[in-house]
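Residue strings, one per chain:
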Amino acid sequence: MTFPYKMGCLPAQFPGALRDLTFYAAGPLPKPPPSIPVPTVAAWKMLGNDTYGDCGVAGLEHGFMADAAVTKEAVPEASDQQAIDYYLKYTNGQDSGVVLSQYLAYVRKTSYYKHSVKAYAPVAVHDVPTLQTAVSLYDFVYTGITVTTAMQEASQSGQPWTTDQLNSPVAGGHCVPIVAYDNTYLSVVTWGTVQEISYPMWHAISSEAWTVITGELVARHGDGRGVSLSALEADLNRLAT
């Protein structure tokens with residue numbers, strides 16, 4: 001059976017001038033809570049990812065949705081067609097996928113409909129405590145993973161992604177935001193629903209992770225929640241020149 005959804009996360013690129021999130025912290029980041037529940041969202045939406053490899057666009061929009069649910073901001077969400085239109089404008093009409101770091105830079109410069117990115121920084125994918133802290137502080141982490149055909153089958157049957165699915169052909173790169181976690185699974189949003197990933201599987205399939213500090217979160221809290229926004233923005237601004 002043909003898998004009905006698409007992928008489009010291109011190989012990770014890490015700008016040399018941009019440091020890890022922990023570098024910008026004013027001190028040690030707080031210890032993450034034992035768990036964070038999945039935000040209450042009426043419908044996560046497919047956002048075109050059944051037709052186009054726009055997972056980078058859909059993944060960030062899903063992150064914005066999680067952030068709005070947590071901060072209680074009444075921000076209109078983009079429709080499926082708006083997500084597709086934004087993706088095709090970004091790619092000059094080509095269904096080519098996106099490099100996540102480059103896409104974050106673009107959204108930071110241009111905004112995404114009513115949403116904005118104030119700043120972003122990478123997190124080491126195997127540093128689970130910092131990933132969890134980033135979810136607790138900033139409501140989601142924007143990530144890139146490798147998907148196998150067995151993982152595709154598991155997602156269709158509502159099963160978690162576990163290491164049993166590694167011995168399977170690679171289907172491609174995919175973007176998913178982490179929006180919740182407990183002691184067994186990370187919870188990500190993909191293809192319009194929540195998907196659980198076991199921690200051993202996360203270590204096997206993850207390739208990049210980005211903390212995204214939204215403009216809405218900064219407006220709500222007034223700062224970077226323990227991260228020096230001025231230093232982080234200065235590095236991001238140097239990348240843009």
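What counts as what
- Residues numbered from 1 in each chain as written.
- Predicted model: local features only at pLDDT ≥ 70, side-chain atom pairs only at ≥ 80, totals over all residues.
- Heavy atoms only, no water.
- Axes fitted to C-alpha atoms, helices over the stretch in contact; angles between N-to-C directions.
- Helix = DSSP H or I, 4+ residues; strand = E, 2+ residues; numbered from the N terminus.
- Parallel < 35°, antiparallel > 145°, perpendicular 65-115°, else oblique.
- Left-handed = near helix turned anticlockwise from the far one by under 90°.
- Contact = heavy atoms within 4.5 Å.
- 1 Å grid on protein atoms, 1.4 Å probe; cavity = no way out; pocket = protein on both sides within 12 Å on 5 of 7 lines; lining within 4 Å.
- Points joined across faces, edges and corners; volume = space filled by probe spheres on them.
- Nonpolar A, V, L, I, M, F, W, Y, C, P; charged D, E, K, R; others polar.
- Salt bridge = Lys/Arg side-chain N within 4 Å of Asp/Glu carboxyl O.
- Buried < 20%, exposed > 50% of the residue type's maximum accessible area, 1.4 Å probe, protein only.
- Pairing = 2+ DSSP bridges.
- Phe/Tyr/Trp six-rings, centres within 6.5 Å; stacked < 30°, edge-to-face > 60°.
- Lys NZ or Arg CZ within 6 Å of the ring centre and 35° of its normal.

1. Quick word on the packing of helix α1 (residues 55–71) against helix α3 (residues 100–110)
Then, number 1: At a minimum axis separation of 10 Å, α1 and α3 run at an interaxial angle of 60°. Between α1 and α3, the angle is such that the two are oblique. Taken as a pair, α1 and α3 cross one another with a handedness that is right-handed. On α3, the residues that touch G56, V57, L60 and F64 of α1 are L100, Y103, L104 and V107.

2. Remarks on the layout of surface pockets
Then, number 1: Roughly 250 Å³ of internal volume is contained in the largest pocket.
Then, number 2: Residue lining of the largest pocket: Q13, P15, S101, Q102, A105, R108, K109, Y120, L236, L239 and A240, and that is the complete set.
Then, number 3: Listed by contribution, the elements that provide at least two residues to the lining of the largest pocket are α3 and α8 (229–240).
Then, number 4: The leading source of residues in the lining of the largest pocket is α3, at 5 residues.
Then, number 5: Among the residues making up the lining of the largest pocket, the classes are represented as 6 nonpolar, 3 polar and 2 charged.

3. Quick look at the pattern of salt bridges
Then, number 1: Under the criterion given, the structure shown has 2 salt bridges.
Then, number 2: Between K118 and E233 there is a salt bridge, and its shortest N-O distance comes to 3.6 Å. Pair noted here: K118 is in strand β1 (residues 117–122) and E233 is in helix α8, with a separation of 115 residues, a long-range link.
Then, number 3: Classification of E233 by relative accessible area gives buried; the value is 19%.
Then, number 4: D235 is paired through a salt bridge with R238; the nearest N and O atoms lie 2.0 Å apart. With D235 and R238 both in helix α8 and 3 residues apart, this pair spans about one turn of that helix.
Then, number 5: When its relative accessible area of 52% is taken as the criterion, R238 is described as exposed.

4. Here's the deal with helix α4 (residues 128–138)
Then, number 1: Of all 11 residues in α4, 9 are buried, a share of seventy percent or more.
Then, number 2: For α4, the secondary structure elements touched by its buried residues are α1, β2 (141–148), β3 (170–181), α6 (199–205), β6 (206–214) and α7 (215–221).

5. Quick word on the sheet that holds strand β4 (residues 185–190)
Then, number 1: The strand order across the open sheet built from 6 strands is β1-β6-β2-β3-β4-β5, with neighbouring strands paired in antiparallel fashion. The open sheet has two edge strands with one neighbour each: β1 and β5 (193–198). Direction aside, the axes of adjacent strands within the sheet are offset by 40° on average.
Then, number 2: Summarising the sheet, β1 and β6 pair through 5 bridges and their orientation is antiparallel. In the strand pairing of β6, A121 is matched with T211.

6. Some details on the packing of aromatic side chains
Then, number 1: Scanning the entire structure with this criterion turns up 16 aromatic pairs.
Then, number 2: Considering the side-chain rings of F23 and Y24, the 5.2 Å spacing of their centres and the 85° angle between planes classify their relative orientation as edge-to-face.
Then, number 3: Three or more aromatic residues link up through ring pairs in this structure, and these residues are F64, Y86, Y90, Y103, Y106, Y112 and Y113.
Then, number 4: Here the guanidinium or amino end of R19 rests over the ring plane of F23, the centre of that ring lying 4.2 Å away.

7. Examining the side chain of T133
Then, number 1: Note that T133 resides in helix α4.
Then, number 2: For T133, a relative accessible area of 3% corresponds to the buried category.
Then, number 3: With residues near it in sequence (within four places) discarded, T133 still touches L29, P30, K31 and P32.

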